[in-house]
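Remarks on the overall topology
The residues making up each chain are set out below.
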Amino acid sequence: MTDKALKSEMTKHGHELAPLNNGVNTPAEPKSKQGVTIVLQGPRGSIISRGSQAADVDPNRAEWSGKLQFFLSIIGYSVGLGNIWRFPYLCQQNGGGAFLIPFAIMLVMEGVPLFLIELGIGQKMRLGCLGVWSTIHPWLGGIGMASCIVTFFVALYYNVIITWCFYYLFNSFQYPLPWESCPIYNGTIDAECDKSSATAYFWYRVTLDASANIEEPGMPKWWIVLCLLLSWLVVFFIMMKGIQSSGKVVYFTSLFPYVVLTIFFIRGITLKGASAGLAHMLTPKVEKLMEPKVWLDAATQVFYSFGLAFGSLIAFGSYNTPKNNCVRDVILVSICNAVTAIYASVVIFAILGFKAVTNVDKCIIDNKNILMTHGILRKMSPEMVSDVAYQNALVHANNTLNVTDCSLARELDAAAEGTGLAFIVFTQAIVELPGAPFWAIIFFMMLLALGIGSQIGMMEGMLCTVFDIEIFKRVGKIYVTAALCLICFSVGLIFTTGAGEYWLSMFDSFAGTIGLVVVAFLEMMAVTYIYGHEKFTKDIFEMTGTKPGLYWQITWRYLAPVIMMIILGSSIVQMFIESPKYQAWSKEEGDVKPTPYPTWVMAIAISMILAGILPIPIVFLLRRYQILKLDVNIHEGSIRRIDTTVSTKEMITDVDLYEDDVDDLRPYHDSDSSDDDDLQLDTSIGRKIHIQL
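In this report, the structure presented in the accompanying data block is examined. It should be emphasised that the depicted structure is a prediction, and the values quoted were computed from it without experimental measurement. (Residues numbered from 1 in each chain as written. Predicted model: local features only at pLDDT ≥ 70, side-chain atom pairs only at ≥ 80, totals over all residues. Heavy atoms only, no water.)

**Quick word on the overall build of the chain**
To be explicit about the condition: Secondary structure elements follow DSSP: runs of H or I no shorter than four residues count as helices, runs of E no shorter than two count as strands, and numbering proceeds from the N terminus. Contacts were defined at the residue level, with two residues in contact if any of their heavy atoms lie within 4.5 Å.
When you go through the chain residue by residue, the secondary structure sums to 26 helices and eight strands. At a minimum sequence separation of 6, the contacts of the chain that also span at least 24 residues come to 83%.

Written as structure tokens, this is what we have:
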């Protein structure tokens, strides 16, 4: 065979041979026989198939102690804070009960297919995010790095939310609750609190001590710094031994929120106004389905509620036994996630309906007192005034008095999401409940359980990726975990300043949006078109005994990628059309006002987006053109180094073809794989090449 033909044969299955470092001669090996033996990879299934379990998988890799531990871990990760404070808001804003239609469709067409890809590929290869995509093809290694970087950014601010929950939890052990009423100084109500509300004042002034804008952050607030330190210490102690320690915590973080939701549900449906809140949320507004934004919101909610593209699902899958039925797991978790979101919405709006009716009743009493003061109503207890007499008095007043329009619809429409719902709106509802401290304690414990469960999943995905890097395998897991938590705590101090919530809003808007969608799209493309959907279908069948049918093939190959491209495109377009803003607290007005981000903050936001995307093309170029000289055990490459004794400059002097090499190569084949046909190598596919200087 000519040199040209040999080189062509070597490169057609992946990439050229990577230079290998100097080896060490053994006493039994004469110096004159220095050389390196490598084996070329043939088609998928031979030697080490792209997508087969890597031959050098760590035999000591951690595994779940049982099926329940895995199921609760993945439930705790995917069912997070978004189910409590994002989904109910989307339901209310996007057609009430009608929103469940696009949500269910997007769940089936987008969420479930990508969910199975991540869980299935992790279980098959038993590697972390970095190892999986490098195994499929070395050029795709940047996907794992990008996913890890995005997860780092999200974990930074997600733990700050846990910090705020700790602060509110500690303040719930007192009666009355500190956000129940405005503070009074020298017999006068604080002006800032009087212009807003007691709960808003406690959030913006007492908890955050919010600055006027993001450019004037001030010093870190010591009470938030201590709570942030506590949050990272809790995460560290949970994660320091991997799933051996975190797997025990999930029994609490996964189950406790359902206990609390059920308690709130039983109490909520018995409250006055609960039916009004539920009717407001669930009444279908079918005309909303004609708006593209409703469908986009549904697709986005499904994507983020599952925690896709963080690498966590791949890590969770890699700790499963090879024969675990991951298809059943995906279906059960998907149903559980959707049902939890709907269940939480019912609970939230039952309580918010009670709050709305209570506020309207207070408003009417205030109006009656005003009317009595001006002699339009006869002085008596406001509760004794009939509704007819009150309405007649309002007509008689003829808008000449300072009476308020007490509208139930307006109260119900005053929706909030995110921190506004948890720390302002819902806390106001809790104040109205008898035994308010008890309800506050269990509510914030529920938020802590949800937040910590999701944080455990994100940290596990990130740490699993870190331990795919050879150098970190030599370091104890406890030290790597401690170093990572310390770095996150140090960077997270920016969220403890007066501009902390503004920075969190910026991270939430930019750090984990475009980058995650790009990663998810490339994951789908990698498995479907590079790894091969037929091969992945075969892998699922071998692991579960169930062969994915037409539904899976259509969603993997066409529907899910198209939906993710639409989400990505709309996110980019929206970013350019609408100038990004944050809600800055105005002390003078006692309210928030939309404020554009400064140019330098937008530069940081764009840098974070690029940091979560650029590893993908950078790794591709480095490996494609052999710019980066790798010295690793290339289990993920198109070649496998079996024995190394010296470095080589690609001076091939002898090529021996062995027809009986199949038996020698069998130890490197995945014993779980059934690719027996592919293992029948001929001399055009598997060659043992002796390279000698």
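**Re the state of the cysteines**
Note the following rule: Here, two cysteine sulfur atoms that lie within 2.5 Å of each other are counted as a disulfide. Relative accessible area decides the class of each residue, using a 1.4 Å probe on protein chains only: under 20% of the type maximum gives buried, over 50% gives exposed, and in between gives partly exposed.
What the rule picks out here adds up to one disulfide. Note on cysteine connectivity: C182 is disulfide-linked to C193, with sulfurs 1.9 Å apart. The chirality of the disulfide connecting C182 with C193 is left-handed, given an S-S dihedral of about -80°. Of the two residues, C182 sits in the loop between α7 (141–171) and β2 (184–185) while C193 sits in helix α8 (residues 191–195), which places them eleven residues apart along the sequence. The thiol sulfur of C464 is not disulfide-bonded, and the nearest other cysteine sulfur, from C129, lies at 8.6 Å. Judged by its relative accessible area of 5%, C464 is buried.

**Looking at the nonpolar core**
Looking at soluble globular proteins, one finds that nonpolar side chains tend to be buried together. As a reminder of what qualifies: Working definition of a nonpolar core: buried Ala, Val, Leu, Ile, Met, Phe, Trp, Tyr and Cys residues. They are joined through side-chain atoms within 4.5 Å.
Formed by 185 residues in total, the largest nonpolar core has its most connected members in W133 and F507. Setting aside its immediate chain neighbours within four residues, F507 contacts F153, L156, Y157, F495, G512 and M608. Counting residues in hydrophobic clusters, the runner-up holds nine residues, among them V360, C363, M372 and A393.

**With respect to the packing of helix α9 (residues 198–207) against helix α18 (residues 419–431)**
The condition is simple: Only the contacting stretch of a helix is used when fitting its axis, a line to C-alpha atoms as for every element, and angles between N-to-C directions run 0 to 180 degrees. Angle categories are assigned with fixed cut-offs, so that under 35 degrees is roughly parallel, over 145 is roughly antiparallel, 65 to 115 is roughly perpendicular, and the rest are oblique. By convention the crossing between two helices is left-handed if the near helix lies anticlockwise of the far one by an angle smaller than a right angle, and right-handed if it lies clockwise.
Relative to each other, α9 and α18 sit at 140°, their axes nearing to 8 Å. Relative to α18, α9 is oriented oblique. The two elements α9 and α18 meet at a crossing, and its hand is right-handed. Each of T199, A200, W203 and Y204 in α9 lies in contact with α18, whose residues at this interface are T419, F423, I424, T427 and Q428.

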